[in-house]
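In case you want the letters, here they are:
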Amino acid sequence: VVHRFWSLQDSGDYARLAPLFADDAVFSDLIYGDFHGGAAIAAYLGQMKSEMPAHGIRFELVDAAGDETVAWSQWWCHFPTGRVPGWTLHTLGDGKLTLDADYFDTAAARSLS
């Protein structure tokens, strides 16, 4: 599921990520906040579909590992003026993401955006 997440994210169509999340999932972003439930996550991802390209932001997966209940990913967030490293904790249940919690240096990200 995590590798599918990154494959879809790399396409830039964030809205296609929504079906990967459980109905009661939580998506936690240090800039945009926490989104609870499939509908809220889908709305957030729909917003990111236009917002990320508008700001010239893209992500690059460095590494990912885990099993059917917990996984992590290490990534770069590329801005037109630099990049910031980040990590995501993923929890899974019944083949769906139940938590996607991002961790990165928000001050560095804000200084580049």
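Nothing here was measured: the structure is a model prediction, and the numbers come from that model. (Residues numbered from 1 in each chain as written. Predicted model: local features only at pLDDT ≥ 70, side-chain atom pairs only at ≥ 80, totals over all residues. Heavy atoms only, no water.)

K.L.:
Got a sec to walk through the overall build of the chain? Specific residues and values, please.
P.N.:
Check the secondary structure of the chain and you find three helices and six strands. When the elements of the chain are put in sequence order from the N terminus, they spell out α-β-β-α-β-β-β-β-α. Computed over the C-alpha atoms, the radius of gyration of the chain is 13 Å, within 12% of the 13 Å expected from 2.2 N^0.38 for a compact globule of 113 residues. When each of the 113 residues of the chain is scored for burial, the buried share is 40%. A sequence separation of at least 24 residues applies to 39% of the contacts in the chain between residues at least 6 apart. Total accessible area computed for the chain in this model is approximately 5900 Å², and 54% of it derives from carbon and sulfur atoms. One way to put it: in the chain the 7 positive side-chain charges average out to a point 9 Å from where the 15 negative ones average out. (Helix = DSSP H or I, 4+ residues; strand = E, 2+ residues; numbered from the N terminus. Rg over C-alpha atoms; globule rule 2.2 N^0.38 Å. Buried < 20%, exposed > 50% of the residue type's maximum accessible area, 1.4 Å probe, protein only. Contact = heavy atoms within 4.5 Å. Areas by Shrake-Rupley, 256 points an atom, 1.4 Å probe, with all protein chains shown as cover. Lys, Arg positive; Asp, Glu negative; His and termini not counted. Charge placed at Lys NZ, Arg CZ, Asp CG, Glu CD.)

K.L.:
Please provide a residue-by-residue account of the nonpolar core, values included.
P.N.:
Counting 31 residues, the largest nonpolar core has Leu-17, Phe-21, Leu-45 and Phe-59 as the members making the most contacts within it. Elements supplying a minimum of two residues to this core: helix H1 (2-10), strand S1 (21-29), helix H2 (38-54), strand S3 (58-66), strand S4 (70-79), strand S5 (82-93), strand S6 (96-104) and helix H3 (106-112). The greatest single-element share of this core, amounting to five residues, is contributed by H2. When residues no more than four places from it in sequence are discounted, the contact partners of Phe-59 are Trp-6, Gln-9, Asp-10, Tyr-14, Met-52, Trp-75, Trp-76 and Cys-77. (Core = buried A, V, L, I, M, F, W, Y, C linked by side-chain atoms within 4.5 Å.)

K.L.:
Got a sec to walk through the pattern of salt bridges? Specific residues and values, please.
P.N.:
Within this structure, the stated rule accounts for one salt bridge. The residue Lys-49 makes a salt bridge to Asp-13 at a minimum N-O spacing of 3.5 Å. Placement of the pair is Lys-49 in helix H2 and Asp-13 in the loop between H1 and S1, with a sequence separation of 36 residues. (Salt bridge = Lys/Arg side-chain N within 4 Å of Asp/Glu carboxyl O.)

K.L.:
Can you break down H1 residue by residue, with the values?
P.N.:
Side chains of residues three or four places apart in an α-helix project in the same direction, reflecting 3.6 residues per turn. Buried within H1 we find Val-2, Phe-5, Trp-6, Leu-8 and Gln-9. Angularly, the buried residues of H1 cover 165 degrees about the axis, an arc narrow enough to put them on a single face. Among the structural elements, S1, S3, S4, S5 and S6 are those in contact with the buried residues of H1. Just beyond H1, the residue with positive phi is Gly-12, at close to 85 degrees. (Arc of directions from axis to C-beta.)

K.L.:
Lay out H2 with the relevant residues and their values.
P.N.:
Given a rise of 1.5 Å per residue, 17 residues ought to cover 24 Å, and the 24 Å separating the end C-alpha atoms of H2 matches this to within 8%. Its maximal kink placed at Met-48, H2 deviates by approximately 30 degrees. Summarising the contacts, the buried residues of H2 are in contact with S1, strand S2 (33-36) and S3. The positive-phi residue at the C-terminal boundary of H2 is Gly-56, with phi of around 70 degrees. (Expected span 1.5 Å × (residues − 1). Bend = angle between axes of the 7 residues up to and from the residue.)

K.L.:
Give me the lowdown on the packing of aromatic side chains, citing residues and values where you can.
P.N.:
Pairs of aromatic rings are described using the distance from one ring centre to the other and the angle between the two planes. Under the defined criterion, the tally for this structure stands at eight aromatic pairs. Taken together, a centroid distance of 5.8 Å and an interplanar angle of 50 degrees make the contact between Phe-21 and Phe-27 tilted. Taken together, a centroid distance of 5.0 Å and an interplanar angle of 55 degrees make the contact between Phe-27 and Tyr-44 tilted. Placement of the pair is Phe-27 in strand S1 and Tyr-44 in helix H2, with a sequence separation of 17 residues. Note on Tyr-44: relative accessible area 5%, which makes it buried. A connected cluster of aromatic rings, assembled from ring pairs, spans Phe-5, Trp-6, Phe-21, Phe-27, Tyr-32, Phe-35 and Tyr-44. The positively charged end of Arg-83 is found above the aromatic ring belonging to Trp-76, 3.5 Å away from the centroid. (Phe/Tyr/Trp six-rings, centres within 6.5 Å; stacked < 30°, edge-to-face > 60°. Lys NZ or Arg CZ within 6 Å of the ring centre and 35° of its normal.)

That's the geometry; what it means functionally is another story.
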